[in-house]
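# Close look at the chain arrangement
Given next are the chains, with one letter for each unit.
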Amino acid sequence: MMPYKRFAVFFGAVLLAMGLAACGGPQVKPQTDLIWPLPPDPPRIRFVQTITKPADLNLGQGSLSETIFGEETEFNFKKPFGVASDGEGRIFVSDIGRVVVFDEVQKKLYQFGVSGQGQLRVPMGLAVSSDGTLFVADLTLDKVIAFDRTGKVLMSYGHAGELKNPVGVAVDDARKRIYVVDSKMHYVKAFSRTGETLFTIGKRGKENGEFNFPSAIALDREGNIYVADMGNFRVQIFDSSGKFIRAFGQVGSAGGTFNRPKGIAIDSEGHIYVSDSAFNNIQIFDQKGQLLLFFGGTGSNPGFFTLIEGIAIDKNDRIYAVDQLGYRLNVYQYLSEQYKKTHPEGAPSDAK
């Protein structure tokens, strides 16, 4: 990753450039690879594509019409918020009253939670387990609902009064746990996969281990817990038992600070990605909280955002970010050393 001091100057210059770009002229599709950082530094993030409709993934409009509407109706996102991917061809996006599933294996688009026992109202955070179970945090239902691969409801998490504004969810396959972020209760609840409440992390406050409207959660390979503590403008890190490890971040408008952190994700090398809806970008930090890079920015061009919300990174280091007001999903690739070895044809020439 590029050095911090150099990045600090780069951040300001690019923010200015993006502001000017957003204010003038028509938005056009870039003719060359969109990468971050710019040369001469080696590229680390590459923009892959924007997804707004089934045809963007060669799924075909017909599969959508037959599966969702039963008639020829054009697909549009209503108000997308969260995203998850199983890394095996299924991309999930939470939308008002449903979760939309882009399935590249079955070559179709379908949805979960539109009727019956598992009917969704305002789904927010999403997580997928290794067995393909989808966990959906619903803001209005005050619970997390688990769906199998076919969309059948398996169970729900959260007793009456236990969750009042669940906005984020993460699954720990190794420990068979579900973690739920509740923004109104200002805590993280840990559940067993069978639904028992295990422990609670935090309460409202600004001290270490306390939260102020937390917004998202992610886990690393060791089971450590990362929480976007939105109202305290920081990220907090806990071990798998809920013990506080460290925190970083403060309110501001410069690189490395936060204004409205909404999403968080971890890549295969342990880098921490935080989406900020005020900056409309994603900042990348190391484990000590040092800023390494940012990408995105305000604009309607592919790869940029009008209002960024949830983010996710799959096991292949593919990055997914929801542009809520753009009614789309932006997709990027982290060009890890492993990725460059296994996909030499997919990396920019100066990244090989």
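The preceding data block contains the structure.
What comes next concerns the included structure.

## Description of the packing of aromatic side chains
- All told, the structure shown has 20 aromatic pairs when counted by the stated rule.
- For the pair Phe75 and Phe102, a centre-to-centre distance of 6.2 Å together with 85 degrees between the ring planes defines the contact as edge-to-face. Note that Phe75 is positioned in the loop between helix 2 (61-69) and strand 3 (83-85) and Phe102 in strand 5 (residues 98-103), a separation of 27 residues in sequence. Residue Phe75 shares its accessibility class with Phe102, and that shared class is buried.
- Judged by centre distance (6.5 Å) and plane angle (45 degrees), the ring pair of Phe248 and Phe258 falls under tilted.

## Description of the side chain of Glu309
- For Glu309, the location among the structural elements is in strand 23 (residues 308-313).
- For Glu309, a relative accessible area of 5% gives the class buried.
- For Glu309, the side chain forms a polar contact with the side chain of Lys262, separated by 2.8 Å.
- If we skip the residues at most four places from it in the chain, Glu309 touches Phe81, Lys262, Gly263, Ser275, Val322 and Gln324.

## Overview of the pairing of strand 7 (residues 123-128)
- With 6 of its 6 residues buried, strand 7 lies for the most part within the structure.
- Bridging between strand 7 and strand 8 (residues 134-138) involves 4 bridges; their strand directions are antiparallel. The residue bridging Pro123 from the neighbouring strand is Asp138, located in strand 8.
- Taking the residues between adjacent antiparallel strands as the criterion, strand 7 and strand 8 are bridged by 5 residues, where Gly132 takes a positive phi near 90 degrees.

So, how was this worked out
- Residues numbered from 1 in each chain as written.
- Predicted model: local features only at pLDDT ≥ 70, side-chain atom pairs only at ≥ 80, totals over all residues.
- Heavy atoms only, no water.
- Phe/Tyr/Trp six-rings, centres within 6.5 Å; stacked < 30°, edge-to-face > 60°.
- Helix = DSSP H or I, 4+ residues; strand = E, 2+ residues; numbered from the N terminus.
- Buried < 20%, exposed > 50% of the residue type's maximum accessible area, 1.4 Å probe, protein only.
- Polar contact = N/O pair within 3.5 Å; in protein donor to acceptor, adjacent residues only side chain to side chain.
- Contact = heavy atoms within 4.5 Å.
- Pairing = 2+ DSSP bridges.

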